[in-house]
Amino acid sequence: MAADQSTELEGFMERVKARNPGEPEFLQAVQEVAADIMPFVEANPKYRDAKILERLTEPDRIVSFRVCWQDDKGDVQVNRGFRIQANNAIGPYKGGLRFHPSVTQSVLKFLAFEQIFKNSLTGLPMGGGKGGADFDPKGKSAAEVMRFCQSFMTELYRHVGHDTDVPAGDIGVGGREIGYMFGQYKRITNNFTGVLTGKGLEYGGSEMRPEATGYGAVYFMEDMLHTKGEQIEGKTAVISGSGNVATHAAEKVNHRGGKVLTLSDSAGFIYDPDGIDLEKIEWVKELKNVRRGRISEYAEHFPGAEYHQGKRPWGVAADLALPCATQNEIDLEDAKTLLANGCKAVAEGANMPTSLDGVHAFLEAGVLFGPAKAANAGGVAMSGLEMSQNSARRALSSEELRDLLRSIMDGIHKRCYEAGLQGDGFCNYVKGANIAGFKKVGDAMLAFGVV
Ligand SMILES: NC(=O)C1=CN([C@@H]2O[C@H](COP(=O)(O)OP(=O)(O)OC[C@H]3O[C@@H](n4cnc5c(N)ncnc54)[C@H](OP(=O)(O)O)[C@@H]3O)[C@@H](O)[C@H]2O)C=CC1
Ligand SMILES: O=C(O)CCC(=O)C(=O)O
(Lines give C-alpha, C1' and ligand atoms only; values in the text may rest on other atoms or scores of the structure.)
(Ligands and ions follow the chains in the order given, each with its own letter.)
Protein backbone atom coordinates (compact mmCIF):
# COMPACT_ATOMS: atom_id res chain seq x y z
CA MET A 1 0.00 0.00 0.00
CA ALA A 2 1.30 3.48 -0.92
CA ALA A 3 2.26 5.85 1.97
CA ASP A 4 -0.66 8.26 1.36
CA GLN A 5 -3.11 5.32 1.29
CA SER A 6 -1.70 4.05 4.58
CA THR A 7 -2.23 7.51 6.16
CA GLU A 8 -5.75 7.56 4.72
CA LEU A 9 -6.44 4.15 6.31
CA GLU A 10 -5.04 5.27 9.68
CA GLY A 11 -7.23 8.39 9.63
CA PHE A 12 -10.28 6.33 8.71
CA MET A 13 -9.62 3.82 11.50
CA GLU A 14 -9.08 6.62 14.04
CA ARG A 15 -12.57 7.94 13.23
CA VAL A 16 -14.14 4.47 13.45
CA LYS A 17 -12.34 3.86 16.79
CA ALA A 18 -13.58 7.15 18.22
CA ARG A 19 -17.17 6.23 17.36
CA ASN A 20 -16.93 2.63 18.64
CA PRO A 21 -14.88 2.67 21.84
CA GLY A 22 -14.34 -0.64 23.65
CA GLU A 23 -15.32 -2.75 20.62
CA PRO A 24 -12.10 -4.59 19.65
CA GLU A 25 -13.73 -7.35 17.59
CA PHE A 26 -15.72 -4.86 15.52
CA LEU A 27 -12.63 -2.71 14.92
CA GLN A 28 -10.62 -5.79 13.89
CA ALA A 29 -13.24 -6.75 11.28
CA VAL A 30 -13.43 -3.18 9.94
CA GLN A 31 -9.62 -2.86 9.78
CA GLU A 32 -9.32 -6.04 7.71
CA VAL A 33 -11.96 -4.89 5.21
CA ALA A 34 -10.84 -1.24 5.08
CA ALA A 35 -7.22 -2.16 4.29
CA ASP A 36 -8.41 -3.74 1.03
CA ILE A 37 -11.29 -1.42 0.24
CA MET A 38 -9.58 1.98 0.74
CA PRO A 39 -7.32 1.64 -2.33
CA PHE A 40 -10.31 0.35 -4.35
CA VAL A 41 -12.44 3.28 -3.19
CA GLU A 42 -9.68 5.75 -4.05
CA ALA A 43 -9.52 4.26 -7.54
CA ASN A 44 -13.34 4.47 -7.86
CA PRO A 45 -14.24 7.93 -6.45
CA LYS A 46 -18.02 7.38 -6.77
CA TYR A 47 -17.79 5.18 -3.64
CA ARG A 48 -15.48 7.64 -1.86
CA ASP A 49 -17.67 10.68 -2.59
CA ALA A 50 -20.82 8.90 -1.37
CA LYS A 51 -18.92 7.74 1.78
CA ILE A 52 -20.03 4.14 1.18
CA LEU A 53 -17.39 2.58 3.45
CA GLU A 54 -18.13 5.03 6.30
CA ARG A 55 -21.85 4.28 5.96
CA LEU A 56 -21.22 0.53 6.08
CA THR A 57 -19.42 0.85 9.43
CA GLU A 58 -22.53 2.40 10.99
CA PRO A 59 -25.25 -0.29 11.40
CA ASP A 60 -28.73 0.67 10.18
CA ARG A 61 -30.04 -0.18 13.63
CA ILE A 62 -28.97 -1.79 16.93
CA VAL A 63 -31.71 -3.27 19.08
CA SER A 64 -30.75 -4.23 22.63
CA PHE A 65 -33.23 -5.69 25.09
CA ARG A 66 -33.68 -7.39 28.47
CA VAL A 67 -34.46 -11.11 28.46
CA CYS A 68 -35.98 -12.36 31.73
CA TRP A 69 -36.71 -16.01 32.38
CA GLN A 70 -37.07 -18.40 35.32
CA ASP A 71 -34.68 -21.28 35.91
CA ASP A 72 -35.78 -24.71 37.12
CA LYS A 73 -35.45 -23.60 40.75
CA GLY A 74 -37.86 -20.73 40.13
CA ASP A 75 -35.10 -18.09 40.38
CA VAL A 76 -35.37 -15.13 38.02
CA GLN A 77 -32.50 -14.77 35.53
CA VAL A 78 -31.70 -11.70 33.44
CA ASN A 79 -29.78 -11.71 30.14
CA ARG A 80 -29.18 -9.15 27.43
CA GLY A 81 -30.41 -9.77 23.88
CA PHE A 82 -29.41 -7.98 20.68
CA ARG A 83 -30.23 -7.74 17.01
CA ILE A 84 -27.81 -5.77 14.87
CA GLN A 85 -29.39 -4.81 11.53
CA ALA A 86 -26.25 -3.82 9.68
CA ASN A 87 -27.35 -3.17 6.08
CA ASN A 88 -30.34 -4.09 3.88
CA ALA A 89 -29.23 -2.57 0.57
CA ILE A 90 -29.52 -5.85 -1.36
CA GLY A 91 -32.18 -7.73 0.61
CA PRO A 92 -33.74 -8.33 4.05
CA TYR A 93 -31.29 -8.43 6.97
CA LYS A 94 -30.00 -12.00 7.27
CA GLY A 95 -27.68 -13.66 9.75
CA GLY A 96 -27.58 -15.93 12.75
CA LEU A 97 -28.27 -15.69 16.47
CA ARG A 98 -25.51 -16.59 18.92
CA PHE A 99 -26.20 -17.69 22.51
CA HIS A 100 -22.90 -17.69 24.38
CA PRO A 101 -21.61 -15.97 27.55
CA SER A 102 -18.97 -14.14 25.47
CA VAL A 103 -21.61 -12.29 23.43
CA THR A 104 -21.23 -8.50 23.52
CA GLN A 105 -22.35 -5.70 21.24
CA SER A 106 -18.82 -5.65 19.76
CA VAL A 107 -18.89 -9.35 18.88
CA LEU A 108 -22.30 -9.08 17.22
CA LYS A 109 -21.35 -5.90 15.37
CA PHE A 110 -18.29 -7.61 13.89
CA LEU A 111 -20.41 -10.58 12.85
CA ALA A 112 -23.12 -8.38 11.32
CA PHE A 113 -20.52 -6.29 9.46
CA GLU A 114 -18.89 -9.41 8.01
CA GLN A 115 -22.30 -10.77 7.08
CA ILE A 116 -22.96 -7.82 4.72
CA PHE A 117 -20.04 -8.83 2.47
CA LYS A 118 -20.56 -12.58 2.86
CA ASN A 119 -24.21 -12.41 1.87
CA SER A 120 -23.35 -10.22 -1.10
CA LEU A 121 -20.76 -12.78 -2.26
CA THR A 122 -23.38 -15.55 -2.39
CA GLY A 123 -25.13 -13.73 -5.24
CA LEU A 124 -28.46 -14.06 -3.37
CA PRO A 125 -30.61 -11.07 -2.29
CA MET A 126 -29.74 -10.89 1.42
CA GLY A 127 -28.61 -7.98 3.57
CA GLY A 128 -26.46 -8.36 6.69
CA GLY A 129 -27.52 -8.81 10.31
CA LYS A 130 -26.64 -10.77 13.42
CA GLY A 131 -27.99 -11.15 16.93
CA GLY A 132 -27.90 -13.17 20.08
CA ALA A 133 -27.58 -13.03 23.83
CA ASP A 134 -25.05 -13.57 26.62
CA PHE A 135 -27.03 -16.66 27.64
CA ASP A 136 -25.05 -19.89 28.16
CA PRO A 137 -27.06 -22.94 27.07
CA LYS A 138 -24.37 -25.25 28.55
CA GLY A 139 -25.62 -27.05 31.65
CA LYS A 140 -29.19 -25.76 31.22
CA SER A 141 -32.15 -28.14 31.08
CA ALA A 142 -34.24 -28.29 27.89
CA ALA A 143 -37.07 -26.56 29.79
CA GLU A 144 -34.75 -23.68 30.76
CA VAL A 145 -33.53 -23.31 27.18
CA MET A 146 -37.16 -23.26 25.99
CA ARG A 147 -38.17 -20.58 28.49
CA PHE A 148 -35.17 -18.48 27.51
CA CYS A 149 -35.90 -18.82 23.78
CA GLN A 150 -39.57 -17.91 24.29
CA SER A 151 -38.65 -14.84 26.32
CA PHE A 152 -36.02 -13.81 23.73
CA MET A 153 -38.55 -14.07 20.88
CA THR A 154 -41.20 -12.20 22.87
CA GLU A 155 -39.13 -9.06 22.23
CA LEU A 156 -37.38 -10.01 18.98
CA TYR A 157 -40.59 -10.76 17.08
CA ARG A 158 -41.42 -7.06 16.61
CA HIS A 159 -38.10 -6.41 14.81
CA VAL A 160 -38.04 -9.36 12.37
CA GLY A 161 -40.18 -10.71 9.53
CA HIS A 162 -39.77 -12.77 6.36
CA ASP A 163 -39.27 -9.60 4.24
CA THR A 164 -37.57 -7.57 6.99
CA ASP A 165 -35.02 -9.60 8.90
CA VAL A 166 -34.60 -13.38 8.91
CA PRO A 167 -32.41 -14.75 11.74
CA ALA A 168 -30.96 -18.28 11.91
CA GLY A 169 -28.58 -20.28 14.13
CA ASP A 170 -24.96 -19.74 15.14
CA ILE A 171 -22.95 -20.82 18.20
CA GLY A 172 -25.33 -22.22 20.82
CA VAL A 173 -28.35 -21.97 18.53
CA GLY A 174 -29.21 -25.15 16.62
CA GLY A 175 -32.38 -26.90 15.51
CA ARG A 176 -33.77 -27.17 19.04
CA GLU A 177 -33.49 -23.44 19.78
CA ILE A 178 -34.82 -22.44 16.33
CA GLY A 179 -37.85 -24.67 16.99
CA TYR A 180 -38.59 -22.99 20.33
CA MET A 181 -38.22 -19.51 18.80
CA PHE A 182 -40.29 -20.29 15.70
CA GLY A 183 -43.07 -21.73 17.90
CA GLN A 184 -43.13 -18.56 19.99
CA TYR A 185 -43.11 -16.27 16.92
CA LYS A 186 -46.04 -18.18 15.43
CA ARG A 187 -47.93 -18.05 18.72
CA ILE A 188 -47.49 -14.29 19.13
CA THR A 189 -48.13 -13.21 15.53
CA ASN A 190 -50.47 -15.95 14.29
CA ASN A 191 -48.33 -15.97 11.13
CA PHE A 192 -46.69 -19.01 9.58
CA THR A 193 -43.94 -17.44 7.49
CA GLY A 194 -40.27 -18.11 6.87
CA VAL A 195 -39.14 -15.71 9.59
CA LEU A 196 -36.28 -17.98 10.69
CA THR A 197 -34.08 -20.38 8.75
CA GLY A 198 -32.52 -23.58 10.02
CA LYS A 199 -36.01 -24.83 10.81
CA GLY A 200 -36.95 -28.52 11.15
CA LEU A 201 -37.97 -30.27 7.92
CA GLU A 202 -41.49 -30.81 9.28
CA TYR A 203 -42.22 -27.09 9.49
CA GLY A 204 -40.55 -25.43 6.52
CA GLY A 205 -36.86 -26.19 7.00
CA SER A 206 -34.56 -27.03 4.13
CA GLU A 207 -32.68 -30.22 3.43
CA MET A 208 -28.91 -29.59 3.54
CA ARG A 209 -29.04 -26.54 5.86
CA PRO A 210 -27.28 -28.40 8.73
CA GLU A 211 -24.55 -29.62 6.37
CA ALA A 212 -24.19 -26.48 4.26
CA THR A 213 -21.60 -24.41 6.16
CA GLY A 214 -19.14 -27.25 6.77
CA TYR A 215 -19.59 -28.81 3.33
CA GLY A 216 -19.32 -25.37 1.71
CA ALA A 217 -16.03 -24.65 3.51
CA VAL A 218 -14.57 -27.89 2.16
CA TYR A 219 -15.85 -27.11 -1.35
CA PHE A 220 -14.08 -23.75 -1.11
CA MET A 221 -10.90 -25.48 0.10
CA GLU A 222 -11.17 -27.88 -2.83
CA ASP A 223 -11.65 -25.01 -5.32
CA MET A 224 -8.51 -23.30 -3.96
CA LEU A 225 -6.49 -26.54 -4.19
CA HIS A 226 -7.68 -27.11 -7.76
CA THR A 227 -6.07 -23.82 -8.84
CA LYS A 228 -2.76 -25.48 -7.92
CA GLY A 229 -3.65 -28.81 -9.53
CA GLU A 230 -4.10 -30.41 -6.09
CA GLN A 231 -6.95 -32.14 -4.29
CA ILE A 232 -8.04 -33.17 -0.77
CA GLU A 233 -7.62 -36.89 -1.35
CA GLY A 234 -4.65 -38.25 0.59
CA LYS A 235 -4.21 -35.08 2.66
CA THR A 236 -4.47 -34.69 6.44
CA ALA A 237 -6.58 -31.98 8.09
CA VAL A 238 -6.71 -30.32 11.50
CA ILE A 239 -10.19 -29.06 12.41
CA SER A 240 -11.23 -27.10 15.50
CA GLY A 241 -14.68 -27.16 17.08
CA SER A 242 -17.09 -30.08 17.33
CA GLY A 243 -20.36 -28.33 16.58
CA ASN A 244 -22.40 -27.93 13.44
CA VAL A 245 -19.69 -26.50 11.19
CA ALA A 246 -16.80 -28.66 12.41
CA THR A 247 -18.58 -32.02 12.21
CA HIS A 248 -19.90 -31.38 8.70
CA ALA A 249 -16.53 -30.09 7.49
CA ALA A 250 -14.98 -33.27 8.91
CA GLU A 251 -17.62 -35.35 7.13
CA LYS A 252 -16.90 -33.75 3.74
CA VAL A 253 -13.10 -34.08 4.14
CA ASN A 254 -13.75 -37.82 4.64
CA HIS A 255 -16.02 -37.94 1.56
CA ARG A 256 -13.14 -36.47 -0.43
CA GLY A 257 -10.62 -39.04 0.79
CA GLY A 258 -8.84 -36.82 3.32
CA LYS A 259 -7.95 -37.79 6.90
CA VAL A 260 -9.22 -35.66 9.82
CA LEU A 261 -6.87 -35.67 12.79
CA THR A 262 -8.46 -33.34 15.35
CA LEU A 263 -11.66 -31.82 16.75
CA SER A 264 -12.03 -29.58 19.79
CA ASP A 265 -14.34 -27.71 22.13
CA SER A 266 -13.81 -24.78 24.46
CA ALA A 267 -12.09 -27.05 27.03
CA GLY A 268 -9.48 -28.76 24.79
CA PHE A 269 -8.86 -30.84 21.67
CA ILE A 270 -8.67 -34.51 20.69
CA TYR A 271 -6.04 -35.95 18.35
CA ASP A 272 -6.83 -39.24 16.66
CA PRO A 273 -3.84 -40.46 14.60
CA ASP A 274 -6.05 -43.19 13.04
CA GLY A 275 -8.33 -40.50 11.59
CA ILE A 276 -11.80 -39.33 12.61
CA ASP A 277 -13.89 -41.29 10.14
CA LEU A 278 -17.61 -41.06 9.33
CA GLU A 279 -18.63 -43.49 12.09
CA LYS A 280 -16.66 -41.54 14.68
CA ILE A 281 -18.19 -38.28 13.43
CA GLU A 282 -21.70 -39.71 13.95
CA TRP A 283 -20.64 -40.54 17.52
CA VAL A 284 -19.45 -36.93 18.01
CA LYS A 285 -22.74 -35.55 16.63
CA GLU A 286 -24.68 -37.67 19.12
CA LEU A 287 -22.32 -36.61 21.93
CA LYS A 288 -22.78 -32.90 21.15
CA ASN A 289 -26.38 -32.67 19.90
CA VAL A 290 -28.13 -35.27 22.06
CA ARG A 291 -26.06 -35.98 25.17
CA ARG A 292 -24.55 -32.47 25.11
CA GLY A 293 -21.25 -33.84 26.46
CA ARG A 294 -17.60 -32.75 26.21
CA ILE A 295 -15.12 -33.70 23.48
CA SER A 296 -12.79 -35.18 26.16
CA GLU A 297 -15.17 -38.20 26.19
CA TYR A 298 -13.94 -39.06 22.66
CA ALA A 299 -10.53 -40.06 24.00
CA GLU A 300 -12.17 -42.24 26.67
CA HIS A 301 -14.30 -43.97 24.01
CA PHE A 302 -11.82 -44.43 21.13
CA PRO A 303 -8.54 -46.12 22.04
CA GLY A 304 -5.48 -44.48 20.48
CA ALA A 305 -6.95 -40.98 20.64
CA GLU A 306 -5.39 -38.34 22.92
CA TYR A 307 -7.12 -35.50 24.77
CA HIS A 308 -5.22 -32.23 25.31
CA GLN A 309 -6.90 -30.18 28.03
CA GLY A 310 -6.88 -26.39 27.59
CA LYS A 311 -5.06 -26.53 24.23
CA ARG A 312 -5.91 -25.74 20.61
CA PRO A 313 -5.19 -28.22 17.82
CA TRP A 314 -2.83 -26.12 15.68
CA GLY A 315 0.35 -27.88 16.88
CA VAL A 316 -0.67 -31.11 15.14
CA ALA A 317 1.09 -31.32 11.76
CA ALA A 318 -1.31 -31.48 8.80
CA ASP A 319 -1.65 -30.38 5.17
CA LEU A 320 -4.94 -28.51 5.67
CA ALA A 321 -6.44 -26.42 8.48
CA LEU A 322 -10.14 -25.69 8.99
CA PRO A 323 -10.80 -23.49 12.04
CA CYS A 324 -14.51 -24.08 12.76
CA ALA A 325 -15.02 -22.98 16.40
CA THR A 326 -14.86 -19.23 17.13
CA GLN A 327 -13.18 -15.87 16.53
CA ASN A 328 -9.44 -15.33 17.07
CA GLU A 329 -8.70 -19.00 17.70
CA ILE A 330 -5.56 -18.85 15.47
CA ASP A 331 -3.09 -16.20 16.62
CA LEU A 332 0.27 -15.31 15.06
CA GLU A 333 2.10 -18.08 16.95
CA ASP A 334 -0.47 -20.67 15.88
CA ALA A 335 -0.19 -19.49 12.26
CA LYS A 336 3.61 -19.79 12.41
CA THR A 337 3.31 -23.29 13.89
CA LEU A 338 0.91 -24.41 11.17
CA LEU A 339 3.24 -23.01 8.49
CA ALA A 340 6.34 -24.58 10.03
CA ASN A 341 4.53 -27.94 10.01
CA GLY A 342 3.85 -27.68 6.26
CA CYS A 343 0.23 -26.50 6.19
CA LYS A 344 -0.67 -25.76 2.54
CA ALA A 345 -4.19 -24.37 2.81
CA VAL A 346 -6.55 -22.81 5.36
CA ALA A 347 -10.32 -22.44 4.92
CA GLU A 348 -12.10 -20.52 7.69
CA GLY A 349 -15.31 -22.31 8.72
CA ALA A 350 -15.74 -20.07 11.77
CA ASN A 351 -16.15 -16.28 11.56
CA MET A 352 -12.87 -14.34 11.90
CA PRO A 353 -11.04 -17.30 13.50
CA THR A 354 -7.63 -15.88 12.54
CA SER A 355 -6.17 -12.76 14.16
CA LEU A 356 -5.08 -9.96 11.79
CA ASP A 357 -1.37 -10.75 12.22
CA GLY A 358 -2.13 -14.45 11.69
CA VAL A 359 -3.85 -13.62 8.39
CA HIS A 360 -0.84 -11.55 7.32
CA ALA A 361 1.49 -14.45 8.16
CA PHE A 362 -0.51 -16.84 5.95
CA LEU A 363 -0.65 -14.35 3.08
CA GLU A 364 3.05 -13.54 3.32
CA ALA A 365 3.87 -17.27 3.27
CA GLY A 366 1.83 -17.56 0.05
CA VAL A 367 -0.39 -20.42 1.23
CA LEU A 368 -3.98 -20.76 0.04
CA PHE A 369 -6.08 -18.82 2.55
CA GLY A 370 -9.89 -18.80 2.25
CA PRO A 371 -11.33 -16.08 4.52
CA ALA A 372 -14.54 -16.72 6.47
CA LYS A 373 -16.79 -14.40 4.50
CA ALA A 374 -16.14 -16.54 1.42
CA ALA A 375 -15.34 -20.00 2.80
CA ASN A 376 -18.22 -20.28 5.28
CA ALA A 377 -20.87 -18.61 3.11
CA GLY A 378 -22.48 -21.95 2.24
CA GLY A 379 -24.61 -21.85 5.39
CA VAL A 380 -26.22 -18.51 4.74
CA ALA A 381 -26.55 -19.37 1.04
CA MET A 382 -28.58 -22.46 1.97
CA SER A 383 -30.62 -20.23 4.29
CA GLY A 384 -31.32 -18.01 1.28
CA LEU A 385 -32.56 -21.10 -0.55
CA GLU A 386 -34.71 -21.98 2.49
CA MET A 387 -36.27 -18.50 2.22
CA SER A 388 -37.08 -19.04 -1.47
CA GLN A 389 -38.56 -22.47 -0.76
CA ASN A 390 -40.74 -20.97 2.01
CA SER A 391 -41.95 -18.15 -0.25
CA ALA A 392 -42.74 -20.58 -3.06
CA ARG A 393 -44.31 -23.07 -0.59
CA ARG A 394 -42.25 -25.91 -1.99
CA ALA A 395 -39.32 -28.09 -0.95
CA LEU A 396 -36.32 -28.97 -3.10
CA SER A 397 -34.65 -32.37 -2.75
CA SER A 398 -31.31 -32.79 -1.05
CA GLU A 399 -29.75 -33.69 -4.42
CA GLU A 400 -30.99 -30.45 -6.00
CA LEU A 401 -29.79 -28.44 -3.01
CA ARG A 402 -26.40 -30.15 -2.93
CA ASP A 403 -25.87 -29.18 -6.58
CA LEU A 404 -27.00 -25.61 -5.88
CA LEU A 405 -24.63 -25.36 -2.88
CA ARG A 406 -21.75 -26.64 -4.98
CA SER A 407 -22.42 -24.13 -7.76
CA ILE A 408 -22.88 -21.23 -5.31
CA MET A 409 -19.54 -22.05 -3.64
CA ASP A 410 -17.86 -22.33 -7.05
CA GLY A 411 -19.35 -18.92 -7.95
CA ILE A 412 -18.05 -17.37 -4.71
CA HIS A 413 -14.61 -18.85 -5.35
CA LYS A 414 -14.60 -17.50 -8.91
CA ARG A 415 -15.59 -13.98 -7.80
CA CYS A 416 -12.90 -13.94 -5.10
CA TYR A 417 -10.28 -15.40 -7.41
CA GLU A 418 -10.91 -12.85 -10.15
CA ALA A 419 -10.81 -9.90 -7.74
CA GLY A 420 -7.87 -11.27 -5.72
CA LEU A 421 -5.46 -12.53 -8.40
CA GLN A 422 -2.18 -10.59 -8.33
CA GLY A 423 0.33 -9.97 -11.10
CA ASP A 424 2.71 -12.55 -9.58
CA GLY A 425 0.07 -15.30 -9.86
CA PHE A 426 -0.73 -15.39 -6.13
CA CYS A 427 -4.42 -15.09 -5.26
CA ASN A 428 -5.15 -12.94 -2.19
CA TYR A 429 -8.60 -14.34 -1.43
CA VAL A 430 -9.01 -11.92 1.50
CA LYS A 431 -8.75 -8.93 -0.80
CA GLY A 432 -10.80 -10.67 -3.50
CA ALA A 433 -13.66 -11.42 -1.07
CA ASN A 434 -13.65 -7.89 0.34
CA ILE A 435 -13.71 -6.16 -3.04
CA ALA A 436 -16.23 -8.49 -4.70
CA GLY A 437 -18.53 -8.36 -1.64
CA PHE A 438 -18.28 -4.57 -1.33
CA LYS A 439 -18.98 -3.68 -4.94
CA LYS A 440 -22.51 -5.09 -5.20
CA VAL A 441 -23.63 -3.53 -1.90
CA GLY A 442 -21.92 -0.23 -2.76
CA ASP A 443 -23.62 -0.03 -6.16
CA ALA A 444 -27.04 -0.68 -4.60
CA MET A 445 -26.41 2.04 -2.01
CA LEU A 446 -25.42 4.48 -4.76
CA ALA A 447 -28.72 3.75 -6.52
CA PHE A 448 -30.67 4.78 -3.40
CA GLY A 449 -29.00 8.19 -3.05
CA VAL A 450 -28.16 9.54 0.40
CA VAL A 451 -30.24 7.43 2.81
N1 LIG B 1 -23.88 -22.66 11.94
C2 LIG B 1 -23.67 -22.05 10.78
O3 LIG B 1 -24.35 -22.32 9.78
C4 LIG B 1 -22.57 -21.06 10.64
C5 LIG B 1 -21.62 -20.88 11.61
N6 LIG B 1 -20.55 -20.07 11.39
C7 LIG B 1 -19.52 -19.89 12.38
O8 LIG B 1 -18.91 -21.14 12.67
C9 LIG B 1 -18.43 -21.17 14.03
C10 LIG B 1 -19.01 -22.37 14.75
O11 LIG B 1 -20.43 -22.29 14.73
P12 LIG B 1 -21.37 -23.57 14.93
O13 LIG B 1 -20.64 -24.79 14.56
O14 LIG B 1 -22.65 -23.26 14.29
O15 LIG B 1 -21.60 -23.52 16.50
P16 LIG B 1 -21.85 -24.72 17.52
O17 LIG B 1 -22.45 -24.11 18.72
O18 LIG B 1 -22.56 -25.84 16.84
O19 LIG B 1 -20.37 -25.22 17.83
C20 LIG B 1 -19.41 -24.33 18.29
C21 LIG B 1 -18.14 -25.12 18.58
O22 LIG B 1 -17.10 -24.19 18.85
C23 LIG B 1 -16.64 -24.38 20.20
N24 LIG B 1 -16.39 -23.07 20.82
C25 LIG B 1 -17.30 -22.10 21.06
N26 LIG B 1 -16.73 -21.06 21.68
C27 LIG B 1 -15.42 -21.40 21.82
C28 LIG B 1 -14.31 -20.75 22.38
N29 LIG B 1 -14.41 -19.54 22.93
N30 LIG B 1 -13.10 -21.40 22.35
C31 LIG B 1 -13.00 -22.64 21.80
N32 LIG B 1 -14.03 -23.31 21.27
C33 LIG B 1 -15.22 -22.70 21.26
C34 LIG B 1 -17.78 -25.08 20.91
O35 LIG B 1 -17.29 -25.74 22.05
P36 LIG B 1 -18.20 -25.83 23.38
O37 LIG B 1 -19.17 -26.92 23.10
O38 LIG B 1 -17.24 -26.12 24.47
O39 LIG B 1 -18.84 -24.49 23.52
C40 LIG B 1 -18.27 -26.00 19.81
O41 LIG B 1 -17.44 -27.12 19.66
C42 LIG B 1 -18.81 -19.79 14.60
O43 LIG B 1 -17.74 -18.92 14.41
C44 LIG B 1 -19.99 -19.38 13.74
O45 LIG B 1 -20.16 -17.97 13.73
C46 LIG B 1 -20.39 -19.42 10.20
C47 LIG B 1 -21.31 -19.55 9.20
C48 LIG B 1 -22.54 -20.30 9.38
O1 LIG C 1 -28.03 -18.85 7.83
C2 LIG C 1 -27.97 -17.75 8.34
O3 LIG C 1 -28.72 -16.83 8.14
C4 LIG C 1 -26.88 -17.52 9.39
C5 LIG C 1 -25.52 -17.66 8.86
C6 LIG C 1 -24.56 -16.97 9.74
O7 LIG C 1 -24.87 -16.51 10.82
C8 LIG C 1 -23.21 -16.80 9.25
O9 LIG C 1 -23.00 -16.95 8.05
O10 LIG C 1 -22.31 -16.48 10.05
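Please read these numbers as outputs of a predicted model, since none were measured by experiment.

Observations concerning the site of ligand 2
Lys-94, Gly-96, Lys-118, Lys-130 and Ser-383 are the nearest of the 13 residues found near ligand 2. Between ligand 2 and the protein, one listed contact pairs an oxygen atom with a side-chain N or O atom of Asn-351 at 3.0 Å. Ser-383 places a side-chain nitrogen or oxygen 2.5 Å from an oxygen atom of ligand 2. Here ligand 2 loses 95% of its free accessible area of 300 Å² to cover by the protein chains. Looking at the shell around ligand 2, its residues break down into 2 nonpolar, 7 polar and 4 charged.

Thoughts on the pairing of strand S6 (residues 236–239)
Pairing geometry for S6 and strand S7 (residues 259–265), over 3 bridges, is parallel. Paired with Thr-236 across the bridge in S7 is Lys-259. Each parallel crossover has a hand, and the one from S6 via helix H9 (residues 244–255) to S7 is right-handed. Both S6 and strand S10 (residues 320–322) contribute to a ladder of 3 bridges, which runs parallel. Of the residues in S10, the one forming a bridge with Ile-239 is Leu-322.

Digging into the sheet that holds strand S11 (residues 345–347)
Taken in spatial order, the 7 strands make up an open sheet running S9-S8-S7-S6-S10-S11-S12, and their pairing is mixed. Both outer strands of the open sheet, strand S9 (306–309) and strand S12 (368–370), are each paired with one neighbouring strand and no more. Ignoring which end each strand starts from, the neighbouring axes of this sheet average 15 degrees apart. With 3 bridges joining them, S11 and S12 adopt parallel strand pairing. Within S12, the position partnered with Val-346 by the bridge is Phe-369.

Let's talk about the sheet that holds strand S4 (residues 127–133)
Pairing within the open sheet is mixed, and its 5 strands lie in the order S1-S2-S4-S3-S5. Either end of the sheet is taken by a strand with one partner, and the two such strands are strand S1 (61–70) and strand S5 (165–168). Here the average twist between neighbouring strands, direction ignored, is 20 degrees. Pairing between strand S2 (residues 76–87) and S4: 6 bridges, direction antiparallel. Following the sheet pairing, Gly-81 is matched in S4 by Ala-133. Docked against the sheet, helix H6 (residues 142–156) engages S1, S2, strand S3 (93–99), S4 and S5, running at close to 140 degrees with respect to S1.

What to know about the site of ligand 1
Residues in close proximity to ligand 1 total 26 residues, the closest being Asp-170, Thr-213, Ser-266, Arg-294 and Asn-351. Between ligand 1 and Arg-98 there is a distance of 2.9 Å, counted from an oxygen atom to a side-chain nitrogen or oxygen. In this structure, Asn-244 approaches ligand 1 through a main-chain N or O atom, which is 2.9 Å from an oxygen atom. Its free accessible area being 890 Å², ligand 1 has 84% of it covered by the protein chains. Looking at the shell around ligand 1, the elements that each hand over two or more residues are helix H8 (209–226), H9 and S7. Residues belonging to the shell around ligand 1 are distributed by class as follows: 5 nonpolar, 13 polar and 8 charged. Formed jointly, the shell around ligand 1 draws a minimum of three residues from each of two domains, domain 2 (61–192) and domain 3 (211–370).

Cut-offs used in this document
Residues numbered from 1 in each chain as written. Chains lettered and ligands numbered in written order. Predicted model: local features only at pLDDT ≥ 70, side-chain atom pairs only at ≥ 80, totals over all residues. Heavy atoms only, no water. Near = heavy atom within 4 Å. Polar contact = N/O pair within 3.5 Å; in protein donor to acceptor, adjacent residues only side chain to side chain. Areas by Shrake-Rupley, 256 points an atom, 1.4 Å probe, with all protein chains shown as cover. Nonpolar A, V, L, I, M, F, W, Y, C, P; charged D, E, K, R; others polar. Pairing = 2+ DSSP bridges. Helix = DSSP H or I, 4+ residues; strand = E, 2+ residues; numbered from the N terminus. Right-handed = clockwise from strand over helix to strand, strands pointing away. Axes fitted to C-alpha atoms, helices over the stretch in contact; angles between N-to-C directions. Contact = heavy atoms within 4.5 Å. Domains from an automatic or database assignment.

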